[in-house]
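Chain residues, written in single-letter form:
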Amino acid sequence: MKWSEISIHTTQEAVEPVSNILHEAGASGVVIEDVADLMKERNSVFGEIYHLNPNDYPAEGVILKAYLPVNSFLGETVEEIKQAVNNLITFDIDLGANMVSISEVNEEEWATAWKKYYKPVKVSEKITITPTWEDYSPVSSDELIIELDPGMAFGTGTHPTTVMSLQALEKYLKTEDKVADVGTGSGVLSIAAALLGASSVDAFDLDEVAVNSARLNIKLNKVQQTAHAKQNDLLKGVEGPYDVVVANILAEIILRFTDDAANVLKPGGYFITSGIIQGKKQDVKDDMARAGFTIVEVLEMEDWVAIISRKNS
Ligand SMILES: C[S@@+](CC[C@H](N)C(=O)[O-])C[C@H]1O[C@@H](n2cnc3c(N)ncnc32)[C@H](O)[C@@H]1O
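Conventions and cut-offs
- Residues numbered from 1 in each chain as written.
- Predicted model: local features only at pLDDT ≥ 70, side-chain atom pairs only at ≥ 80, totals over all residues.
- Pairing = 2+ DSSP bridges.
- Helix = DSSP H or I, 4+ residues; strand = E, 2+ residues; numbered from the N terminus.
- Near = placed C-beta within 6 Å.
- Axes fitted to C-alpha atoms, helices over the stretch in contact; angles between N-to-C directions.
- Parallel < 35°, antiparallel > 145°, perpendicular 65-115°, else oblique.
- Left-handed = near helix turned anticlockwise from the far one by under 90°.
- Contact = placed C-beta atoms within 7 Å.
- Nonpolar A, V, L, I, M, F, W, Y, C, P; charged D, E, K, R; others polar.
- UniProt positions renumbered as here; feature names shortened; annotations may be inferred.
- Buried ≥ 20, exposed ≤ 12 C-beta atoms within 10 Å, placed from the backbone.
- Core = buried A, V, L, I, M, F, W, Y, C linked by C-beta atoms within 7 Å.

Enquirer: If you had to explain the sheet that holds strand β5 (residues 121–122) to someone new, which residues and values would you point to?
Expert: If you walk across this open sheet you meet the 3 strands as β5-β6-β7, and the pairing is mixed. Only two strands of the sheet have a single neighbouring strand rather than two, namely β5 and β7 (144–148). Of the strand pairs in this sheet, β5 and strand β6 (residues 127–131) are connected by 2 bridges, and their pairing is antiparallel. Among the inter-strand pairings, V121 is bridged to a residue of β6, identified as I129.

In structure tokens form, the structure reads like this:
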């Protein structure tokens, strides 16, 4: 698969909002590099990756790098990223150089770029996510290890929205539960659900590439007896019943299927939603109440919110 590297040269102040834009555009991880450090490697970095004259770069600021798969939506996505970054000026955020550059990298270069940054991460009490190339040994006997290969998946599994979803699954999922994972991406939440003892997990994603990568990761983690990935638009045509529905997807999309989630969940079942920005928290809470849910917990990490609701009996 071909990947596109999106680099944005900006200021420290803009790191968080620009990272959020990249995440919302579908990047599962953002690499932040200090320009001063990069200048030290100017020959390789500026020469090979950016194809720019190093003298054009001031020795300050940061470069945010994210990777998106090259597909038919890429052009549109890049335009949306540029637009969203420029919109930040309206909020008085100093974008500095605000240079957006795009280059295509192949599988090998992409994997090498990630290998530098992607290490095993303990994301919850029990779950550690580790890249396939790391030789990781569990620290305790009840530790659950999810192996992800970002060379064939979207996610490193360590974005705050994913981490909060994993923490909520660990807390609310019971052994033998039936689970639906809406917007599975790399399949990380489905793998976690299976490792936590679910009896079956249906993983849905609209994107065919995501479905394929979820299938590969499910197999890699040896949970293919329990978890199955399928291309599907949200919960359309899905009957359930489920004990848990988990969805790490944008608030605007969650609002489109709260009724369907209520329909497929058993009374008392949990709806774990993440990927919600602070500004949309109240909209999602209100819609949960309208659709027959009671909010049981709200988690917050950086600027992101996860809402755990329970279907009323
Ligand atoms: C933020 S990613 C979450 C990936 C993974 N579940 C995680 O927690 O790391 C959101 C996923 O939702 C998928 N998605 C977006 N719209 C969808 C829809 N209408 N139906 C199903 N999946 C959708 C995207 O393709 C993407 O893989």
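Enquirer: Before we move on, could you go through the site of the ligand and cite the residues and values that matter?
Expert: Neighbouring the ligand are 22 residues, the closest being T162, G183, G185, L206 and N248. Of all the elements in the fold, those that place two or more residues in the shell around the ligand are α6 (160–172), α7 (188–195) and β9 (200–205).

Enquirer: Requested: an account of the packing of helix α1 (residues 15–24) against helix α4 (residues 74–87), with residues and values cited.
Expert: Contact geometry for α1 and α4: axes closest at 10 Å, N-to-C directions at 155°. Classified by the angle their axes make, α1 and α4 are roughly antiparallel. Relative to α4, the crossing made by α1 is right-handed. Residues V18, I21 and L22 of α1 touch α4, and the partners they reach there are I81, A84 and V85. Residue classes in the contact of α1 with α4 are distributed as 6 nonpolar, no polar and no charged.

Enquirer: Could you give an account of the packing of α6 against α7, naming the residues involved and the relevant values?
Expert: Two numbers describe how α6 lies on α7: the axes approach to 10 Å, and their chain directions differ by 20°. Judged on the interaxial angle alone, α7 and α6 are roughly parallel. In the crossing of α6 with α7, the sense of the turn from one axis to the other is right-handed. Counting all contacts with α6, which are made through T162, S165, L166 and L169, the residues of α7 involved are V188, L189, A192 and A193. Here the residues of the contact of α6 with α7 sort into 6 nonpolar, 2 polar and no charged.

Enquirer: Which residues make up unusual backbone geometry, and what values do they have?
Expert: Note the cis peptide between G240 and P241, where omega equals 0°. Relative to the helices and strands, P241 resides in the loop between β10 (227–231) and β11 (242–248). With a phi angle near 45°, L234 is a residue other than glycine that sits in the positive phi range. If you trace the backbone, L234 turns up in the loop between β10 and β11.

Enquirer: Lay out the UniProt feature "binding site: S-adenosyl-L-methionine" (unreviewed entry) in the chain with the relevant residues and their values.
Expert: Sites flagged by UniProt as "binding site: S-adenosyl-L-methionine" (unreviewed entry) map to T162, G183, D205 and N248. The residue G183 is located in the loop between β8 (178–182) and α7 in this model. The exposure class of G183 is buried, given the 21 C-beta atoms found within 10 Å. When sequence neighbours within four positions are dropped, the list of residues in contact with G183 reads D205, A247, N248 and I249. Topologically, N248 is positioned in strand β11. Residue class for N248 comes out buried when judged on the 28 C-beta atoms lying within 10 Å of it. Apart from residues no more than four positions distant in its own chain, N248 is found in contact with T161, T162, S165, G183, L189, S274 and G275.

Enquirer: Give me the lowdown on the nonpolar core, citing residues and values where you can.
Expert: Formed by 63 residues in total, the largest nonpolar core has its most connected members in L169, A192, A193, V245 and I272. Counting residues per element, this core draws most heavily on α7, which supplies 7 residues. Contact partners of I272, with chain neighbours within four places excluded, come to S165, A168, L169, Y172, V244, V246, A306 and I308. The next biggest cluster of nonpolar side chains, apart from the first, holds 17 residues, and it includes V18, V62, L64 and V85.

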